[in-house]
Every structure is written in C-alpha cells, then in structure tokens.
Amino acid sequence: MNQPLLSVKNLKTHFPIKKKLFNNGTHFIKAVDGISFHVNKGETLGIVGESGCGKSTMGRSILRLIEPTEGSIMFEGIEVTTLNQTDLRKLRSKMQIVFQDPYASLNPKMTVGAILGEALSTHQLGKSAKERKKKVENLLLKVGLSPTHIGRYPHEFSGGQRQRIGIARAIAVNPALIIADEPVSALDVSVQAQVLNLFQDLKETLGLTYIFIAHDLSVVRHVSDRIGVMYLGKIVELSDKKQLFQNPLHPYTQALMSAVPSLDPDIKKNRIILTGDVPSASNPPTGCAFHTRCKFRKNVCESVNPREIEVIPGRFVNCHMYDHEFREDFK
Amino acid sequence: MTIELLKVENFQISFKDDEAGTISAVKDLSFHINEGETVGLVGESGCGKSVTALSIMRLIEKNSSFTEGKTVFEGEDINLFTEKKMQSIRGNKISMIFQEPMTSLNPVHKIGKQIGEVLHLHRFANKTNSMDKTIEILKKVGIPRAESIVNEYPHQLSGGMRQRVMIAMAMACNPKLLIADEPTTALDVTIQAQILDLMNTLQEEYNTAILLITHDLGVISEMADRVIVMYYGQIVEQADVRTLFKQPKHPYTIGLLNSVPNIDSENESRLTPIDGNVPNLGVIKSGCPFRARCQHAHVKCHEENPPLFKLESQYVRCWLYDEQGGIV
C-alpha cells in the first residue's frame, strides 16, 4: 500500500485562556482535540464543520502557522512537529495554504508581480529577476489571469480574481499539498463555480493534493474524495464521500445534511432540527461533545468519550451507537 | 382568494457619486406581494436587492439618493406619507430583519427593553404589561429562559439567539409584511434550519407575507412561493418557485443554477460557471447588462436593453424570448 502523503495522529491544539481574577488555574480552549487522519497523494480530503469547530485551526496547525500542542504530523515521511525553523521553512514550499478572505490575505501595497515574486524568491525559485518575472507570467496564465496584470495592485481586482492570485501564490512554489481554508465562501455563486473549477484543473495538471476546509456541505461534496466531519475540535465521522452521503452514520452528520436546503422545490426534506447552539469549546460537555443536542443520547454519552470505531475499512465514526461495547445501551 | 398586499411600481433608485455623477442602482422595478405569500428576491452582491428593501421601508437617506416610483401598501402609496405616519407603519405593519443581528441590535440596551420599546411605540403594551408581553413573544420564537434573557445584553447571546430576538422584535406587532434581508447568511446551517423553520411557523400562525432577500438559491427553493431574480438593478426573471427551478429561462438564472453544486445530486462533473464578473454599477450605459457574460449575446443585446417579456408562466428580460411573449 502506498504511504500517505500526510498523516496526522492525535493532533491537539489548545489555547490557554485566563478565566477570572481570583481563579489561578489556567483554562484551555481545546480548538483541536485529538484528530487523526491521513491524506493520500492526489486525493482531496474535505473537512466540513460549523463555525468554531476548529477546522481552520486544524489547517493552520498542520502547517505550524499555529503551534500544535500535541500529536504527530508526518509529511512525506518527515515529522513536522519537531522541525526547526529553517527546515520548516523549506518544508513549507511543499505545503501551502489558500485563505478565505482574498481581501485580507494579499498585501494591498504590493503589486501582483511582487506578491508572487516574493513567494518565488523566498524559496529560491528562479535565479534572476528576469526568470522570476517569466515564472510569474506563467503563473498568472495558469490561474486564468493575464500576464498584463503583473503590475496591478490587489484592489484593482474583483474578489474572484483576488482568490486566483491567492491560488497562484500557493502554487508558485510547486507544492505537493495545498490546504484550502474556506477558499470560496467569500465569493458570489457564479464566481465561486469558476474558482472551484480552477482548483479541479490545477489538481489534474499539477498533480496536487488538497485538504479542502469549508462549511458549505455542497461545495465539499463537489470537490472531495473523502470527507471528515468536525464537531467541537474532533472529527466525528470520516468516510468516503459516496458512503457518507448515502448513509451518514453520526447523528451530527445526519442533522448537518438534512439542514442544507435543497435546490429542488419538490424535495421536502425530512429535516432533523438540532436544538440549541454549538457548546463553547472553552467548556465542552462531558462525554460525547454532541450529546447535548443528540436525539439518540443515552446515559453513557454523558460520561464516556466515544472512541473511534472503524465501521467498515476506511470508514470511521465517533459514536457509541456503533460501538459493540455499548450495544446494550442502545437497545 | 389572493389579496394584494404590497405593490412596488417603477422603482428607480440612484445614488449621487462625486466622481461618476449619478449611479443608478435599481431600474424599472415593479412587483407585488400577496397576503401570506413568500416572495424570494435573489441575486448576487450589488444587484440592488437590499436597496430595494430599504426603499420600501423608506430607510434610504434622501440626501444621497433619488428614489422614484410608488410603493402601494394596503391600497395607499406610502411614499406620500409623512415621516410621522411612516413611523407608525415601520415595525408595526411592515417590519424588517437584517443579516447581521449584532449590528442591528443596540449593544447598550437589554433585550427586554429593546423589544418593549417596539410594543410601547405602537401601543401594543403599556408600561405595566410590556415585560410580560416581551417574555411571551420571546417564548414564541423559541428562546429558552426568556425570563432571564430579557435582562441580558445582545453580546451575551449566540448568533442564532440574536437572530431569534430580531425576529421576535419584528413579529412583536404582528406585521402584515416581514422583509427579511439575508436573515440566515451569517448563521451556520443547523442554526439556519432552526430560523427558517421558525419563520415558517410564524408565517402560518399570523399569515404574514414575507419578502425574503437572499443570495442562497437553496433557501429560496425551500421557502419561497414566487421568485424574483435580479441582476444589475433589474428584474431579469420572475416565476413561481417550481417553474423557476425546473424551467429557468433567462441565461443568468440558468447560469446561477448551474454554478451551484447540488447537495442532492451525485453529479461529479465540472460546474458550469458564468464567465466574468458582475460589472460595477454605472459602467454599462446601454444594452443588456448581462450581455458580456452571456453565450447568447447578439447585436441587439448591445444596442437595446430588453423589456420584460411575459411568457406563459413567467417573466423574462431577454431578447431570446422576443417573439414568444408580449411586452409587459
């Protein structure tokens, strides 16, 4: 079997918070709390979840843009968490990120040529300024912009075009893996489709691997091969896309899917309406984090943290309902 | 029997701009809403949908804009009303909820006071019973611990709860028309489902008409009876919800529907996006504003802006349907 390109084991990212004046104990927001998955070369792993579930923190922790607290990240056989800054910088040319907000992630005082040229020179790609300019022009063509745009500033572009520049910057250094963090959620639908198609084209022509993070289930379904569903810092279900949509196992996945409005007015969904809000990550519920909103909950869910169950090979779910040990509880 | 509640006739909205002179944001906009009906207004950013809503409520600043046209509500043109009379309608017979509940609630007043103010203003409650009524309304929109929430501030609530408070405030006086401008855009899908469900329940109970403004076609398909598609300040297509989703006619509507990945289909193929971007307002002076992005554009589209053609079951602003229907 092929070795996965990226393999994450028990990744945790906790942020300390000061609680109250007379409370000396430090509390933590467990933004990412024990996540394990792998990504094979050439595939797209979709990560879906609602705001505050830790999906962006997870993406950034993998690149060590945020330092993870615990766990292992193996990329092409190298342990990322223990690398020193010099080696990490070298590795970052292999792992790139595309951010959500194309307005905030491009320096407004730099021309497109300078933005992309900087990425190239940081990673010593292109020997001379002339060579780099040539490369930049090529990059612009690759992402569907024109080489004549090279001297323009970010504000002269529309949102969709800016996101193309963000993508060009990511692919400039020939990465193997791109982590795309909500790359289309700030865009209008007609432009969103253009950018999604660009992601697909680049994947094919450049042989890229993606971790595609989004809150929009339809978008994730469209681009991914496998999908991980996150809730309060954990992946609660991880599965092949087809199986996930045909037969969602985790009660949260089921609710999430039924909540998405259909484009067909004739389909009246049998909607599972979750009561209440997502609990705070600074004070997550005991046991299963989802039990406060779950209609199948039993006593065991309130006290015992569910373990990862491999229902069929490659299909994981964190729910006591699928655990042999608790079969009696759900009779 | 359907009774017409609101009729917007020939809206023209334009803004003064120091550099470009006058920029037209909405042109020749006419539509109506029947009692108890949900009309969806859909379009991408900058198409004029929010400006239309604000103009109906007369909430656009007079100094910087020009608004023409009639807004006939229950048989009277509310554009002719005095500001005082208009105030007795706002929040009472027509109310509005906005996209971002945090910015539309007053951060320094308690929830109870903000809702009580609406009741008080429109004489649905007096000082002694306004708190009881407020709690009753909050319970109706599904807010748990309503008795204590009246004493809390907006920042203490989650996004979904804040939107419920907004809805409570909007529904406090039992309005005939609720204008909902992107009511669920800032919310997560599971919370969106709760809010849409709540809007449906309240509509059934009070027979409120809803003008639902959103860019989300899924929400439209789920909620609306009739749909109006806007592009560049104009209505480009109007139809009942089934016709619009099953037989879209305008190239823009078709393009929009093809751009959205469908959650219920296993279709893996590439999306078919619309080329290019929405042009900036004021750039296109003549012809069809969609022509530059349209595969069917021909000479006539460059020369003349098409009128709204009436087909069997829908209205379409496109020269492709020139011979098939009469001009409205």
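Residues numbered from 1 in each chain as written. Chains lettered and ligands numbered in written order. Predicted model: local features only at pLDDT ≥ 70, side-chain atom pairs only at ≥ 80, totals over all residues. Heavy atoms only, no water.

A. Structural view of the overall build of chain B. Of regular secondary structure, chain B possesses 12 helices and 13 strands. In summary, chain B has a C-alpha radius of gyration of 21 Å against a globular reference of 20 Å for 328 residues, a match within 12%. In terms of its C-alpha atoms, chain B occupies a principal-axis envelope of roughly 70 × 50 × 45 Å. A buried classification covers 53% of the 328 residues belonging to chain B. Excluding contacts between residues fewer than 6 apart, the proportion of contacts in chain B whose partners are at least 24 apart in sequence is 63%. Element-wise, carbon and sulfur atoms account for 49% of the exposed surface of chain B, whose accessible area totals about 14,800 Å². For chain B, the centre of its 33 positive side-chain charges and the centre of its 41 negative side-chain charges are spaced 6 Å apart. (Helix = DSSP H or I, 4+ residues; strand = E, 2+ residues; numbered from the N terminus. Rg over C-alpha atoms; globule rule 2.2 N^0.38 Å. Buried < 20%, exposed > 50% of the residue type's maximum accessible area, 1.4 Å probe, protein only. Contact = heavy atoms within 4.5 Å. Areas by Shrake-Rupley, 256 points an atom, 1.4 Å probe, with all protein chains shown as cover. Lys, Arg positive; Asp, Glu negative; His and termini not counted. Charge placed at Lys NZ, Arg CZ, Asp CG, Glu CD.)

B. Local environment of the pattern of salt bridges. All chains considered together, the criterion is met by 28 salt bridges over all chains. The residue K94(A) makes a salt bridge to E76(A) at a minimum N-O spacing of 3.3 Å. Highlighted residues: K94(A) in the loop between α2 (85–92) and β6 (95–98) and E76(A) in the loop between β4 (70–75) and β5 (78–79), separated in sequence by 18 residues. The class for K94(A) is partly exposed, based on a relative accessible area of 34%. Between K49(B) and E182(B) there is a salt bridge; the shortest N-O distance is 3.9 Å. (Salt bridge = Lys/Arg side-chain N within 4 Å of Asp/Glu carboxyl O.)

C. Fine view of the sheet that holds strand β1 (residues 6–17) of chain A. Residues and elements named next belong to chain A. Sheet architecture is open: four strands sit in the order β2-β1-β4-β5, paired in antiparallel fashion. On the outer flanks of this sheet lie β2 (27–39) and β5, each paired with one strand and no other. The sheet contact formed by β4 and β5 spans two bridges and is antiparallel. When the bridges of β5 are listed, M74 appears paired with E79. Set on the sheet, helix α1 (residues 55–62) makes contact with β1, β2 and β4; between it and β1 the angle comes to about 115 degrees. (Pairing = 2+ DSSP bridges. Axes fitted to C-alpha atoms, helices over the stretch in contact; angles between N-to-C directions.)

D. Region of interest: the environment of D188(B). Note on placement: D188(B) falls in the loop between β7 (177–181) and α8 (189–206). Between the C-alpha atoms of D188(B) and L257(B), which are 69 residues apart in sequence, the distance is 22 Å. Of the polar contacts made by the side chain of D188(B), one reaches the side chain of S51(A); its length is 2.5 Å. (Polar contact = N/O pair within 3.5 Å; in protein donor to acceptor, adjacent residues only side chain to side chain.)

E. A look at helix α9 (residues 251–259) of chain A. Of all nine residues making up α9(A), nine are buried, and the element is well covered by its neighbours. Buried within α9(A) are the following residues: P251(A), Y252(A), T253(A), Q254(A), A255(A), L256(A), M257(A), S258(A) and A259(A). For α9(A), the secondary structure elements touched by its buried residues are β3 (44–48), α7 (217–223), β9 (226–231), β10 (234–240) and α8 (241–246) of chain A together with α8 of chain B.

F. Expanded view of the packing of aromatic side chains. Evaluation of the coordinates by the stated rule reveals 10 aromatic pairs over all chains. With a centroid separation of 5.3 Å and an interplanar angle of 65 degrees, the aromatic rings of Y252(A) and F290(A) are classed as edge-to-face. With Y252(A) in helix α9 and F290(A) in the loop between α9 and α10 (299–303), this residue pair connects regions lying 38 residues apart in the sequence. The burial state of Y252(A) is the same as that of F290(A); both residues are buried. A network of ring pairs unites the aromatic residues Y231(B), Y232(B), Y252(B) and F290(B) as a single cluster. The ring of F157(A) carries the charged tip of R152(A) above its face, separated from the ring centre by 6.0 Å. (Phe/Tyr/Trp six-rings, centres within 6.5 Å; stacked < 30°, edge-to-face > 60°. Lys NZ or Arg CZ within 6 Å of the ring centre and 35° of its normal.)

G. Representation of the sheet that holds strand β11 (residues 309–312) of chain A in the model. Residues and elements named next belong to chain A. Ordered in space as β6-β7-β8-β3-β9-β10-β12-β11, the eight strands form an open sheet in which the pairing is mixed. Of all the strands in the sheet, just β6 and β11 have a single pairing partner and so form its edges. On average, each strand axis in the sheet is tilted by 20 degrees relative to the strand beside it, whichever way the strands run. Taken together, the six bridges between β9 and β10 define a ladder with antiparallel strand orientation. Following the sheet pairing, G228 is matched in β10 by L238.

H. Representation of the layout of surface pockets in the model. For the largest pocket, the calculated volume is near 1,100 Å³. For the lining of the largest pocket, the elements supplying multiple residues, two or more each, are α6 (189–206), β8 (209–214) and α7 of chain A together with α8 and α9 (217–223) of chain B. Here the lining of the largest pocket is composed, by residue class, of 20 nonpolar, 16 polar and nine charged. Space inside the second largest pocket adds up to approximately 740 Å³. Taken together, 23 residues line the second largest pocket, and the ones lying closest to its centre are R90(B), G91(B), V118(B), L121(B) and H122(B). Residue assignment for the lining of the second largest pocket shows that the elements contributing at least two residues are α2 (83–89), β6 (94–97), α4 (111–121) and α7 (159–171) of chain B. The element that contributes the greatest number of residues to the lining of the second largest pocket is α4(B), accounting for four residues. The class makeup of the residues in the lining of the second largest pocket is 10 nonpolar, 10 polar and three charged. (1 Å grid on protein atoms, 1.4 Å probe; cavity = no way out; pocket = protein on both sides within 12 Å on 5 of 7 lines; lining within 4 Å. Points joined across faces, edges and corners; volume = space filled by probe spheres on them. Nonpolar A, V, L, I, M, F, W, Y, C, P; charged D, E, K, R; others polar.)

I. Spotlight on the side chain of S55(B). All names here are of chain B. Of note, S55 is situated in helix α1 (residues 49–56). We classify S55 as buried; its relative accessible area is 4%. A distance of 2.8 Å separates a polar side-chain atom of S55 from the backbone oxygen of V51. Apart from the residues lying within four places of it in its own chain, the contact partners of S55 are F11, I13, I60 and T67.

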